[in-house]
Amino acid sequence: CNDDGLFERKTSNSSGDFNHFPGDPEFGDIIQRAEQAIEGGVFPERISQGSSGSYFVKDSKGKILGVFKPKSEEPYGHLNPKWTKYFHKLCCPCCFGRGCLIPNQGYLSEVAASLVDTRLGLGVVPKTKAVYLVSETFHYNTIDRAKSRGKKYALEMVPKVGRHFHRVGLPPKLGSFQLFVEGYHEADYWLRRFEAEPLPENIRKQLQSQFERLVILDYVIRNTDRGNDNWLIKYEKPGEGEGEKAIQIAAIDNGLAFPFKHPDEWRAYPFHWACLPQAKVPFSQETRELVLSRLSDMNFVQDLCEDLYELFMADKGFDKTMFERQMSVMRGQILNLSQALKDNKTPIQLVQMVVTLGTAFTQTFHCKRPFFSSW
């Protein structure tokens, strides 16, 4: 893997030979600790929530290092351990998946969202890269497990034969690995608290700034799955924390982004943050200064598309035509966002804008009455 989470396929007997991060030794060290923990019997723990196989990966002391989401265990992957999605596909094919997304690209979307976050300097997506990991607790089919047991037995009984095996253990799984963030709660938790206990003005401005970065990320990548349960807030009252920022946002669960067309109106997949009071506040000068010069620079946008191309093309199922359609949508989003920032618009006005490229389409949202009124 290189600095941006891009990956390359190698012949290997363990996941460790697949993972190389020469430009990011800190991340590489974390992955190495995870591999050592697995070898020592501290296996990744499957997360019960969600519709796919995702895992808390730990170090040798049991501390959570990150969340691993294997490609083969995505909602419609062939080894998804959550049987509900299988029956969804079998019994309700007309409602199968999101028609605007390329199936089984969730791990790429997770890594790509981190790349976009880094390029724009937003700092709201925990670092995410593509890695290979292998663990007994991952979901493998019966054949893979039988082969692994047979080869281990042969290696023990006939070492000379066993040494010629390409791989003895279970096959490594490719997926996204997102660093775990500590001290955060789901947005709903803090939003309700802030409604009852309004923030000091300086902290409210910090939250507004962080919120605008979340909006920019989601709009650029056209996230189709952003509710108030899959972005997080960390709040430390003044004097309690050690960091410069009292409040920070973490945008997790970015696996359903980068559509190749805009969602159909009957399933619009709205940005649920558009219902929040902060969505009615114009983008701040701080936010405009952070991203507008980059978004308005077509060379920057082209470089971003090329970086994403390097990432997506490494996938076995890569389709250049579909990728170009994905980039067409993203470019349209960027043009709209640039104009909204120049015109001093609010996030809610942004999502109501007509898409600049492609067919005319108004991004709509349907929101319930918010449970909070002001911050």
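Parameters at a glance
- Residues numbered from 1 in each chain as written.
- Predicted model: local features only at pLDDT ≥ 70, side-chain atom pairs only at ≥ 80, totals over all residues.
- Heavy atoms only, no water.
- Core = buried A, V, L, I, M, F, W, Y, C linked by side-chain atoms within 4.5 Å.
- Buried < 20%, exposed > 50% of the residue type's maximum accessible area, 1.4 Å probe, protein only.
- Helix = DSSP H or I, 4+ residues; strand = E, 2+ residues; numbered from the N terminus.
- Contact = heavy atoms within 4.5 Å.
- Pairing = 2+ DSSP bridges.
- Expected span 1.5 Å × (residues − 1).
- Patch = residues over 30% accessible without salt bridge, like charges linked within 9 Å, V, L, I, M, F, W, Y side chains within 5 Å.
- Areas by Shrake-Rupley, 256 points an atom, 1.4 Å probe, with all protein chains shown as cover.
- Salt bridge = Lys/Arg side-chain N within 4 Å of Asp/Glu carboxyl O.
- Lys, Arg positive; Asp, Glu negative; His and termini not counted.
- Charge placed at Lys NZ, Arg CZ, Asp CG, Glu CD.
- Axes fitted to C-alpha atoms, helices over the stretch in contact; angles between N-to-C directions.
- pLDDT = per-residue confidence, 0-100.

1. Observations regarding the nonpolar core
Turning to step 1, where the next piece is worked out: Counting residues in each nonpolar core, the largest one holds 67 residues, and the members touching the most others are Phe258 and Leu308.
Turning to step 2, where the next piece is worked out: In terms of residue count, helix α7 (residues 201–221) provides more of this core than any other element does, 10 residues in total.
Turning to step 3, where the next piece is worked out: Those residues in contact with Leu308 that lie beyond four places of it in its chain are Ala112, Leu115, Val116, Phe258, Phe323, Met327 and Met330.

2. Here we look at the pairing of strand β4 (residues 128–133)
Turning to step 1, where the next piece is worked out: Along β4, six of the six residues are buried, which leaves the element largely enclosed by surrounding structure.
Turning to step 2, where the next piece is worked out: Pairing of β4 with strand β5 (residues 173–179) involves six bridges; the strand directions are antiparallel. Bridge pairing links Lys129 to Phe177 in β5.

3. Observations regarding unusual backbone geometry
Turning to step 1, where the next piece is worked out: The residue Arg222 is not glycine, and still its phi comes out positive at about 45°.
Turning to step 2, where the next piece is worked out: If you trace the backbone, Arg222 turns up in the loop between α7 and β7 (231–235).
Turning to step 3, where the next piece is worked out: For Arg222, a relative accessible area of 3% puts it in the buried group.
Turning to step 4, where the next piece is worked out: For Phe258, which is not glycine, the phi dihedral falls at a positive 60°.
Turning to step 5, where the next piece is worked out: Relative to the elements of secondary structure, Phe258 occurs in the loop between β8 (247–251) and α8 (285–295).
Turning to step 6, where the next piece is worked out: In this structure Phe258 comes out as buried when scored by relative accessible area, which is 2%.

4. Section: α7
Turning to step 1, where the next piece is worked out: Across its 21 residues, α7 extends 31 Å between first and last C-alpha, which sits within 8% of the 30 Å expected from 1.5 Å per residue.
Turning to step 2, where the next piece is worked out: The buried fraction of α7 is high, at 17 of 21 residues.
Turning to step 3, where the next piece is worked out: Just beyond α7, the residue with positive phi is Arg222, at close to 45°.

5. Digging into a negative patch on the surface
Turning to step 1, where the next piece is worked out: On the surface, Asp297, Asp303, Glu306 and Glu310 cluster together to form a negatively charged patch.
Turning to step 2, where the next piece is worked out: Relative to the helices and strands, Asp297 resides in the loop between α8 and α9 (298–312).

6. Here we look at the sheet that holds β8
Turning to step 1, where the next piece is worked out: A sheet is described by the order of its strands in space; here three strands give the open sequence β6-β7-β8, paired in antiparallel fashion. Every interior strand has two partners, whereas the edge strands, β6 (185–186) and β8, have only one.
Turning to step 2, where the next piece is worked out: One ladder, built from two bridges, connects β6 with β7; its direction is antiparallel. Paired with His185 across the strands is Ile233, a residue of β7.
Turning to step 3, where the next piece is worked out: Running at roughly 50° to β7, helix α6 (residues 187–196) makes contact with β6, β7 and β8 of the sheet.
Turning to step 4, where the next piece is worked out: Relative to β8, α7 is tilted by about 15°, and along the sheet it contacts β7 and β8.

7. Structural notes on the confidence of the model for the protein
Turning to step 1, where the next piece is worked out: In this model, the protein carries a mean pLDDT of 84, and residues with pLDDT of at least 70 account for 77%.
Turning to step 2, where the next piece is worked out: Note on residues 8–13: pLDDT under 50 across the span, and 16 contacts to partners over four residues away in sequence or across chains.
Turning to step 3, where the next piece is worked out: Considering only residues more than four positions removed or in separate chains, one finds that residues 355–375, a stretch of pLDDT under 50, has 60 contacts.

8. Examining the pattern of salt bridges
Turning to step 1, where the next piece is worked out: Tallied over the full model, the rule gives 12 salt bridges.
Turning to step 2, where the next piece is worked out: When the shortest N-O distance is used, the salt bridge between Lys127 and Asp24 registers 2.7 Å. Separated by 103 residues along the polypeptide, Lys127 in the loop between α3 (106–120) and β4 and Asp24 in the segment before α1 (25–39) bring together distant segments of the chain.
Turning to step 3, where the next piece is worked out: Since its relative accessible area comes to 33%, Lys127 is described here as partly exposed.

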